[in-house]
Protein chains: 2
Amino acid sequence: MQFTSERRLDDGVLEREFTLGEIPGTLWTPGSAPAPLILMAHNNGLPKGQPRLVARARHSAAHGYAVATIDAAGCGERPRSAADEQARADLRRAMQAGEPVDEIFESFIGPLVEKAVPEWRTTLDALLSLPEIGGPVGYSGWTAVGIRLAVVEPRIAAAGFFAGGYVPRAQREEARQVTIPLLFLLQWDDEGNPRQRALDLFDAFGSKEKTLHANMGGHVGTPWFEVEDGNRFFGRHLK
Amino acid sequence: MQFTSERRLDDGVLEREFTLGEIPGTLWTPGSAPAPLILMAHNNGLPKGQPRLVARARHSAAHGYAVATIDAAGCGERPRSAADEQARADLRRAMQAGEPVDEIFESFIGPLVEKAVPEWRTTLDALLSLPEIGGPVGYSGWTAVGIRLAVVEPRIAAAGFFAGGYVPRAQREEARQVTIPLLFLLQWDDEGNPRQRALDLFDAFGSKEKTLHANMGGHVGTPWFEVEDGNRFFGRHLK
């Protein structure tokens, strides 16, 4: 893990860009160390530098968490194949037209998840070797990657998932194997995530302790107080 | 409003029993005054002195809210008619047997709600005349009474509703007229509140700002952190 830039924010948080092989990432660490860690895995289509994601990460870091995010393979600003670009365009067009998207979704997002998870695990290894990061480890964001990680990675102690209407079949099927505490956050009228599918997924998780939060509006309308609720959720479980 | 007893709790909260005509109530006020007010309307079958309800009220009072509860007509420890006793027994038996309960529910709970709401308004008048209570006013608890109050009582600024699977038809129909900010709390496997009906009710409310919280388990399994979430919800709206 090589740090390529750093800056100290007003609230004492240290924000550093890093690379780990081909993986670009950002790490925010609070003034106090060692800190528990939150892996913040944004939706595959957004770059890790997207301002709302950065604002959330900084807020959590200011509240005592180390927060890390990466652009996994094929995600964010990582190179995309022509086939991936085509699949993204097809998916967007089908969604806007209200056509079924399951097959495009399956063939495109399924492999992205499969490739992202090992990169997150490699990143986790590197992060936990830093003296300023103590653990335990939480996960926040992209539902499909989070399900896979929660199943294969015993170091993940609690997770907050967002949206979850469209999730590849493999992850829908392994949802029952997820048993860690969950906070499942959805937008009631999320244009890209059918509500009933998201509720069914919430129902399917094997966790004894799982909480659903739903708010009004579309995909990007999540109210800011949910960031604070997320911090409190991790506060209960990352100790 | 006559105070009939008082005691000062360890955290500085003053807990007073009162009567207002035939209405028995309890008022908790924090050390600092004037405080915003939360009307805590428990489920009709429970007495206002039920320990879990009292614990919640004390916690909210310790966080700066005046909290009041009453046993409305036919509820808690107020006298019940023989017909009411019979209806309660019929309802319990039908629920346990998994039989349809809508008609019993409608003929029994509907009138209880109609009688409870004017008593809550009378209580609100009396409470707001006390110098230690400033407002604004929030409502917490019994969904059907809360819907009716939110529709007829402009002094209610925000409300937290619990359960809401079975709600009389009149209140289901006026849910669209509720436009104040809402926190809607349900238990995913509430034996007395069908999940889909509760979700449909949440969907029906006219409020632009409404949040759903759902947790695992049955009717009495709500985790304690929801009391804290409720305080934060009121903190955003009762200012």
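Given the structure is predicted, the values throughout are model-derived calculations rather than measurements. (Residues numbered from 1 in each chain as written. Chains lettered and ligands numbered in written order. Predicted model: local features only at pLDDT ≥ 70, side-chain atom pairs only at ≥ 80, totals over all residues. Heavy atoms only, no water.)

Trainee: Is there a simple way to explain the overall build of chain A in this structure?
Mentor: Along chain A, the regular secondary structure elements total 7 helices and 9 strands. By the compact-globule yardstick of 18 Å for 239 residues, chain A fits well, its C-alpha radius of gyration being 17 Å. Judged by the C-alpha coordinates and their principal axes, chain A covers about 50 × 40 × 30 Å. For chain A, the share of sequence-separated contacts (at least 6 apart) that also reach a separation of at least 24 residues comes to 69%. (Helix = DSSP H or I, 4+ residues; strand = E, 2+ residues; numbered from the N terminus. Rg over C-alpha atoms; globule rule 2.2 N^0.38 Å. Contact = heavy atoms within 4.5 Å.)

Trainee: Teacher, can you tell me more about the pattern of salt bridges here?
Mentor: Should their charged atoms come close, side chains of opposite charge can pair. Applying the stated criterion to the full structure yields 32 salt bridges over all chains. Close ionic contact of Lys48(A) with Glu17(A) constitutes a salt bridge, the shortest N to O distance being 2.6 Å. Residue Lys48(A) is located in the loop between β4 (35-41) and α1 (51-62), and its partner Glu17(A) is located in strand β2 (residues 14-20); the two are separated by 31 residues in the primary sequence. Looking at Lys48(A), the relative accessible area reads 12%, which means it is buried. Using a relative accessible area of 25% as the deciding quantity, one classes Glu17(A) as partly exposed. The shortest N-O distance in the salt bridge between Asp203(B) and Arg195(A) comes to 3.5 Å. One end of the pair, Asp203(B), is in helix α6 (residues 195-204); the other, Arg195(A), is in helix α6 (residues 195-204), on a second chain. (Salt bridge = Lys/Arg side-chain N within 4 Å of Asp/Glu carboxyl O. Buried < 20%, exposed > 50% of the residue type's maximum accessible area, 1.4 Å probe, protein only.)

Trainee: Is there a simple way to explain the interface of chain A and chain B in this structure?
Mentor: Taken together, the contact pairs 21 residues of chain A with 21 residues of chain B. A per-residue breakdown of the area chain A buries against chain B is headed by Trp188(A), Met216(A) and Phe225(A), which together make up 29% of the total. For the pair chain A and chain B, the interface holds 2 salt bridges. Here chain A is connected to chain B by 8 residue pairs in polar contact (both at pLDDT 80 or more). If you tally residues by element for the side of chain A that touches chain B, the top one is strand β9 (residues 210-215) of chain A, at 6 residues. Its residues assigned to classes, the side of chain A that touches chain B shows 7 nonpolar, 5 polar and 9 charged. Alignment of β9(A) against strand β9 (residues 210-215) of chain B, held across 5 bridges, turns out to be antiparallel. Residue Ala214(A) lies in a different strand from β9(B), and its bridge partner there is Leu212(B). (Buried area = accessible area lost by both parts, 1.4 Å probe. Polar contact = N/O pair within 3.5 Å; in protein donor to acceptor, adjacent residues only side chain to side chain. Nonpolar A, V, L, I, M, F, W, Y, C, P; charged D, E, K, R; others polar. Pairing = 2+ DSSP bridges.)

Trainee: What's the story with the pairing of β9(A) in this structure? I'm lost.
Mentor: Along any regular strand the residues' side chains alternate between the sheet's two faces. Residues and elements named next belong to chain A. In terms of burial, β9 is a largely internal element, 6 of the 6 residues being buried. Because side chains alternate across β9, one face comprises the buried residues Lys210, Leu212 and Ala214, and the other comprises Thr211, His213 and Asn215, equally buried. What joins strand β8 (residues 182-187) to β9 is α6, and the crossover it makes is right-handed. (Right-handed = clockwise from strand over helix to strand, strands pointing away.)

Trainee: Just to check I follow, could you spell out the packing of aromatic side chains for this structure?
Mentor: When we look at a pair of aromatic rings, we describe it by the centre distance and by the angle of the planes. Residues and elements named next belong to chain A. By the definition in use, this model includes 18 aromatic pairs over all chains. Relative to Tyr166, the ring of Phe105 lies with its centre 5.5 Å away and its plane at 40°, an arrangement referred to as tilted. Here Tyr166 lies in the loop between β7 (156-162) and α5 (169-174) and Phe105 lies in helix α3 (residues 102-128), a separation of 61 residues in the sequence. When its relative accessible area of 9% is taken as the criterion, Phe105 is described as buried. Tyr166 gets classed as buried once you look at its relative accessible area, which sits at 18%. (Phe/Tyr/Trp six-rings, centres within 6.5 Å; stacked < 30°, edge-to-face > 60°.)

Trainee: What should I look at first to understand the relation of the copies chain A and chain B in this one?
Mentor: One chain copy maps onto the other through a rotation about an axis and a shift parallel to that axis. Mapping chain A onto chain B calls for a screw motion: a turn of 180° about the axis and a shift of 0.0 Å along it, with 0.0 Å RMSD after fitting. Here the two chains are linked by the operation of a two-fold rotation axis. The C-alpha atom lying nearest the rotation axis in chain A is that of His213(A); the distance is 2.4 Å. (Least-squares fit on C-alpha atoms with pLDDT ≥ 70 in both.)

Trainee: Would you explain the nonpolar core in this entry?
Mentor: Where a protein is soluble and globular, its nonpolar side chains tend to be buried together. Residues Tyr139(A), Trp142(A), Tyr139(B) and Trp142(B) are the most contacted members of the largest nonpolar core, which totals 118 residues. With near-sequence residues (within four places) excluded, Trp142(A) lies in contact with Ala41(A), His42(A), Asn43(A), Asn44(A), Cys75(A), Ile109(A), Leu112(A), Val113(A) and Ala116(A). (Core = buried A, V, L, I, M, F, W, Y, C linked by side-chain atoms within 4.5 Å.)

Trainee: Any chance you could explain the packing of α1(A) against helix α7 (residues 225-237) of chain A here in plain terms?
Mentor: Each packed pair of helices is defined by two parameters, the angle between the axes and the distance between the axes. Residues and elements named next belong to chain A. With their axes 10 Å apart at the nearest point, α1 and α7 run at an angle of 40° to one another. The angle between the axes of α1 and α7 places the two elements in the oblique class. For the element pair α1 and α7, the recorded crossing hand is right-handed. Mapping the contact onto sequence places Arg56, His59 and Ser60 in α1 and Val227, Glu228 and Asn231 in α7. Here the contact of α1 with α7 is built from residues that sort into 1 nonpolar, 3 polar and 2 charged. (Axes fitted to C-alpha atoms, helices over the stretch in contact; angles between N-to-C directions. Parallel < 35°, antiparallel > 145°, perpendicular 65-115°, else oblique. Left-handed = near helix turned anticlockwise from the far one by under 90°.)

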